[in-house]
Amino acid sequence: MTVGVVVVPQQHRLIALGPAAAPVLLGLNSSALYIGVALGGGFGGLAQEWFGLAPAELGPVAAGVTVLTLLWHQATTRRPAVPTPATPAPAPADPEKSRA
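This one's a predicted model, so the numbers in the text were calculated from it and none came from an experiment.

Undergrad: An account of the overall build of the chain is requested, with residue identities and associated values reported.
TA: For the chain, the helix and strand inventory stands at four helices and zero strands. N-terminal to C-terminal, the α/β element order of the chain is α-α-α-α. Carbon and sulfur atoms make up 71% of the accessible area of the chain, which amounts to about 8800 Å² in all.

Next up, the structure:
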C-alpha cells in the first residue's frame, strides 16, 4: 500500500505553515486521516449492503469518488496570482527641453 506516501510531505507542509503549533497540527492531521479511513470503511460496507456489491465491485465506486473529489478540489482551490509584467515608469521630463 502506498497510501502513506502522502503523509510525510503533508506533515512537512503543516510544520512549515505553523512551526509553533506543530504538535497540535500533526495531531489534528493524524486524527483527520483516521476519521477518513473509518468513514471509507463504513461507507464501503454500506455500499455493499445497500447495493449488493461484492468487495471486488467497490473499485469502480472508489475510483468515481476519487474523480469527484479531484474535481471538487480543483474547483475550490485558490490558484496563485499570475504575476503581471512591470510597466516601466515614465521618464522624468528633461528640464532643458521644457524651457525651449
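Undergrad: Hey, could you go over the packing of helix H1 (residues 7–17) against helix H2 (residues 22–51) for me, with residue numbers and the actual values?
TA: At a minimum axis distance of 9 Å, the contact between H1 and H2 shows a crossing angle of 145°. The handedness of the crossing between H1 and H2 is right-handed. Packed against H1, whose contacting residues are Val7, Gln10, Gln11, Leu14 and Ile15, the element H2 presents Ala22, Leu25, Leu26, Asn29 and Leu33 at the interface. Within the contact of H1 with H2, the residues separate by chemical class into seven nonpolar, three polar and no charged.

Undergrad: Talk me through the confidence of the model for the chain; I want residue IDs and the actual numbers.
TA: Averaged over all residues, the pLDDT of the chain is 83; the fraction at 70 or higher stands at 83%. Confidence scores differ between elements of the chain, with helix H4 (residues 95–99) showing the lowest mean pLDDT of 60 and H2 the highest of 90.

Undergrad: A description of a nonpolar patch on the surface should follow, citing residues and the corresponding values.
TA: A surface patch of nonpolar side chains, about 710 Å² in accessible area, is lined by Ile35, Leu39, Phe43, Leu46, Trp50 and Phe51. Under the relative-accessibility criterion, Phe43 is labelled exposed at 56%.

Undergrad: Give me the side chain of Asn29: which residues, what numbers.
TA: Along the polypeptide, Asn29 turns up in helix H2. Contacts of Asn29, omitting those with residues within four sequence positions, involve Gln10, Gln11 and Leu14.

Undergrad: Before we move on, could you go through H2 and cite the residues and values that matter?
TA: In this model, H2 (30 residues) spans 42 Å end to end at C-alpha, consistent with the 44 Å of a helix rising 1.5 Å per residue. Contact partners of the buried residues in H2: H1 and helix H3 (58–76). Downstream of H2 by one or two residues, Gly52 has phi in the positive range, about 65°.

Analysis parameters
Residues numbered from 1 in each chain as written. Predicted model: local features only at pLDDT ≥ 70, side-chain atom pairs only at ≥ 80, totals over all residues. Heavy atoms only, no water. Helix = DSSP H or I, 4+ residues; strand = E, 2+ residues; numbered from the N terminus. Areas by Shrake-Rupley, 256 points an atom, 1.4 Å probe, with all protein chains shown as cover. Axes fitted to C-alpha atoms, helices over the stretch in contact; angles between N-to-C directions. Left-handed = near helix turned anticlockwise from the far one by under 90°. Contact = heavy atoms within 4.5 Å. Nonpolar A, V, L, I, M, F, W, Y, C, P; charged D, E, K, R; others polar. pLDDT = per-residue confidence, 0-100. Patch = residues over 30% accessible without salt bridge, like charges linked within 9 Å, V, L, I, M, F, W, Y side chains within 5 Å. Salt bridge = Lys/Arg side-chain N within 4 Å of Asp/Glu carboxyl O. Buried < 20%, exposed > 50% of the residue type's maximum accessible area, 1.4 Å probe, protein only. Expected span 1.5 Å × (residues − 1).

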